[in-house]
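# Analysis of the macromolecular model
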Amino acid sequence: MDKYTGRCLELAKEAAQRGEIPVGAVVVRLSDGRIIGEGSNECEEKRLPTLHAEMNAINAACRFKGGWRLDDCVLYTSLEPCAMCAGAALNSHIKTVYFGARDTSGRGASALLRSAEYLGEDECSRILKDFFRKRRMTVDNIRLIEAVSDDQLRTVAEIADEIWHEHFPKIIGAGQTDYMVNKFCTFEAEKENIEKEGYLYYKIKKGADDLGYTAIKPDGDRLFLSKLYLRQQYRGKGYSRQVLELHRKYAAEHGFNAIWLTVNRGNDIALRAYEGLGFDRIGSGVADIGGGYVMDDYYFEIKV
Ligand SMILES: [Zn+2]
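Residues numbered from 1 in each chain as written. Predicted model: local features only at pLDDT ≥ 70, side-chain atom pairs only at ≥ 80, totals over all residues.

### Overview of the overall build of the protein chain
Filter applied, for reference: Elements are defined by DSSP. Helices are runs of H or I of four residues or more, strands are runs of E of two residues or more, and each kind is numbered from the N terminus. Backbone-placed C-beta atoms define the burial measure: a residue is buried with 20 or more other C-beta atoms within 10 Å of its own, exposed with 12 or fewer, and partly exposed in between. What counts as a contact is two residues whose backbone-derived C-beta atoms lie within 7 Å of each other.
Within the protein chain, the secondary structure is distributed over 11 helices and 13 strands. Judged by the C-alpha coordinates and their principal axes, the protein chain covers about 70 × 35 × 35 Å. For the protein chain, with 304 residues in total, the buried portion stands at 35%. When contacts within the protein chain are restricted to residue pairs at least 6 apart in sequence, long-range pairs at least 24 apart make up 55% of them.

### Focus on the sheet that holds strand 5 (residues 116–118)
Stated formally: Any two strands are treated as partners once DSSP identifies two or more bridges connecting them. Only the contacting stretch of a helix is used when fitting its axis, a line to C-alpha atoms as for every element, and angles between N-to-C directions run 0 to 180 degrees.
Pairing within the open sheet is mixed, and its five strands lie in the order 2-1-3-4-5. Edge positions in the open sheet fall to strand 2 (34–40) and strand 5, since each of these has one partner strand only. In this sheet, neighbouring strand axes are inclined to one another by 20° on average, regardless of whether the strands run parallel or antiparallel. By the bridge criterion, three bridges tie strand 4 (residues 97–101) to strand 5 in an arrangement that is parallel. Paired with Phe 99 across the strands is Tyr 118, a residue of strand 5.

### Topic: the environment of Glu 190
Within the secondary structure, Glu 190 is located in helix 9 (residues 187–197). Note on Glu 190: 24 C-beta atoms within 10 Å, which makes it buried. Each C-alpha atom of the pair Glu 190 and Lys 13 lies 22 Å from the other, and the pair is 177 residues apart in sequence. Excluding residues that lie within four positions of it along the chain, Glu 190 makes contacts with Leu 153, Val 156, Ala 157 and Tyr 201.

### Here's the deal with the packing of helix 6 (residues 150–167) against helix 9
What counts is decided by this rule: The scheme is simple: roughly parallel for angles under 35 degrees, roughly antiparallel for over 145, roughly perpendicular for 65 to 115, oblique for anything else. By the definition used in this description, the sense in which the near helix is turned from the far one sets the handedness, with an anticlockwise turn below a right angle giving left-handed and a clockwise turn giving right-handed. Here the term charged refers only to Asp, Glu, Lys and Arg, the term nonpolar to Ala, Val, Leu, Ile, Met, Phe, Trp, Tyr, Cys and Pro, and the term polar to all other amino acids, Gly among them.
Between helix 6 and helix 9, the least distance of the axes is 9 Å, while the angle of their chain directions is 120°. Taken together, the axes of helix 6 and helix 9 are oblique relative to one another. The crossing of helix 6 and helix 9 is right-handed. For the pair helix 6 and helix 9, contact is made by Leu 153, Arg 154, Val 156 and Ala 157 and by Phe 187, Glu 190 and Lys 191, respectively. Classifying every residue of the contact of helix 6 with helix 9 gives four nonpolar, no polar and three charged.

### Concerning the nonpolar core
What counts is decided by this rule: Buried Ala, Val, Leu, Ile, Met, Phe, Trp, Tyr and Cys residues form a nonpolar core when they are connected through C-beta atoms within 7 Å.
Core analysis: the biggest nonpolar cluster contains 38 residues, and Val 156, Ala 160, Ile 204 and Tyr 213 have the highest contact counts within it. Tyr 213 has contacts with Val 156, Ile 159, Ala 160, Tyr 201, Tyr 202, Lys 203, Ile 204, Lys 227 and Tyr 229, leaving out every residue within four places of it along the chain.

Written as structure tokens, this is what we have:
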């Protein structure tokens with residue numbers, strides 16, 4: 001793979017981590033081979049349909065040059081450009097567009113270009129396939145975005161802090177809420193859970209909105225649903241059911257035969273919610289969590 005396509009791929013991977021369709025693009029000046037503009041997809045984050053990787057790369061290159069003519073430049077992109085991006089390449093007089101993967105969705109528009117070359121880079125199409133396979137983890141526009149970068153995990157910790165301090169003091173008291181947030185919901189606790197125990201954390205998203213977060217962990221032949229918390233304004237709208245459906249899909253695809261979880265005995269809203277979602281109460285237990293506190297929970301399970 002040439003270094004420019006390699007850079008496109010890096011940009012695409014970063015986009016995937018932000019929950020964007022993974023496409024990256026760079027504009028290369030022919031006289032010295034320098035990348036003078038680069039971009040990746042930002043449609044979700046900025047809520048605009050025009051912010052494709054190629055558009056962002058072309059705009060960045062024009063800002064760099066201080067003008068819209070890129071007739072001494074070529075564009076590399078990980079995916080065959082759509083009609084909009086092909087139009088932008090034409091309008092900026094880009095000489096040639098090199099693309100790593102064909103767009104198999106029917107939106108590829110490289111035929112519009114004066115000069116285009118398909119590079120046939122498997123990795124460019126593989127990251128797209130992986131992304132869309134994961135994105136099928138979508139029910140009614142609710143998406144689970146796995147939190148993997150430090151930034152994403154810090155956002156999850158912030159959401160956790162907000163939800164816990166809003167919801168739990170009335171159930172377990174302010175002291176225990178603080179204790180549990182500090183012990184279980186910090187960025188450091190998340191990192192440890194992921195590295196030592198195999199947890200997967202997800203932001204629950206609808207469009208650009210963070211509705212809440214959820215975390216799962218393999219536990220023998222069952223999947224342990226460790227966390228599913230929605231911010232106050234998003235409760236009671238059926239989102240928990242959609243998130244659970246996504247977890248059931250995940251469990252089925254990965255060979256787990258049930259999902260189980262614990263709910264505090266005093267958390268009436270959650271108890272009713274999980275019973276309503278079809279969970280069976282399978283037991284109860286009291287766990288010492290240190291600091292003079294215990295977790296007094298019911299255990300629930302649902303078959304997959
Ligand atoms: Zn495009």
